Amino acid sequence: MAANEDQEMELEALRSIYEGDECFKELGPTNFQYRVGDNGDPKAFLMEISWPQKYPEDPPSISLNAFFNNHISQDIKKSILNKFNEQVDANLGTAMTYTIFEFAKDNREELMENFQPMSNTIAPGNGSTVDTENVTSSKKKDKKEQLTKAQKRKLADKTDHKGELPRGWNWVDVIKHLAKTGSTDDE
């Protein structure tokens, strides 16, 4: 469980505040993720807060290194983290996770004001770019048919523990088939 009483109280408060909020995720009793912005929004980012043993006296660890944030440059991430650290310094000694999440939501446009979508350059400034036509054509040749999650679930529900389909799984129900086609033996 959480290291101290303050953490336990803040954890309970966070659970009640963000209950049903799809942007909030509790990774553990002292680790939390919050997505700022909608899923399709290019200016959306995912922040992760981890509490140290002596939180809130010690500052929490804030990270933007999630895979979700790969489209954001390191300079923008540093800028955002600097603004978060200002909030941490101002709130040191108090429960601040909610405050930081709300600050990020309220100031998302300001935090991402210098955001530019990452380009296809190999290294900045050397002028060489990736030929996206060749890359995409080679990927198309190698790519196998992808199943959706629902299709995978249905397939898993139909198979046994060995991954094999049971005998007769695709047999046609003769009575239903005859009822649909209207065929009978009387003709």
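Residues numbered from 1 in each chain as written. Predicted model: local features only at pLDDT ≥ 70, side-chain atom pairs only at ≥ 80, totals over all residues. Heavy atoms only, no water.

The name given to the protein in an unreviewed UniProt entry is RWD domain-containing protein, with the source organism recorded as Hymenochirus boettgeri.

Q: Looking at this structure, how should I read the pairing of strand β2 (residues 31-36)?
A: As a general feature of sheets, a regular strand has side chains that alternate between the two faces. Most of β2 sits inside the fold, with 5 of its 6 residues counted as buried. Pairing analysis gives 4 bridges linking strand β1 (residues 24-28) to β2, with the strands arranged antiparallel. When the sheet's bridge partners are listed, Gly28 is paired in β2 with Asn31. Linking two consecutive strands that pair antiparallel, namely β1 and β2, is a turn of 2 residues. Sheet topology note: the β2/strand β3 (residues 45-50) ladder contains 6 bridges and is antiparallel. When the bridges of β3 are listed, Phe32 appears paired with Ile49. (Buried < 20%, exposed > 50% of the residue type's maximum accessible area, 1.4 Å probe, protein only. Helix = DSSP H or I, 4+ residues; strand = E, 2+ residues; numbered from the N terminus. Pairing = 2+ DSSP bridges.)

Q: Whenever I open this one, the sheet that holds β1 confuses me. Can you help?
A: In a beta sheet, neighbouring strands pair by backbone hydrogen bonds and run either parallel or antiparallel. Across the sheet, 4 strands lie side by side as β1-β2-β3-β4; this open sheet has antiparallel pairing. If you trace the sheet from one side to the other, it starts and ends with β1 and β4 (61-63), each paired once. Neighbour-to-neighbour, the strand axes of the sheet open up by a mean angle of 20°, direction not taken into account. Relative to β4, β3 runs antiparallel, the two sharing 3 bridges. By the bridge assignment for β4, Ser50 is matched with Ser61. (Axes fitted to C-alpha atoms, helices over the stretch in contact; angles between N-to-C directions.)

Q: How do you make sense of helix α1 (residues 5-17) when you look at a structure like this?
A: Side chains three or four residues apart in an α-helix point the same way, a direct result of the helix having 3.6 residues per turn. End to end, α1 covers 18 Å across 13 residues, agreeing with the expected 18 Å (1.5 Å per residue, within 8%). Taken residue by residue, α1 has Gln7, Glu10, Leu11 and Leu14 as its buried positions. The arc that holds the buried residues of α1, viewed along the axis, is 105°, so those residues lie on one side. Seen from the open side of α1, the exposed residues pointing more than 90 degrees away from its buried face are Glu5, Met9 and Glu12. Buried-residue contacts for α1 involve β1, β2 and α3 (97-106). (Expected span 1.5 Å × (residues − 1). Arc of directions from axis to C-beta. Contact = heavy atoms within 4.5 Å.)

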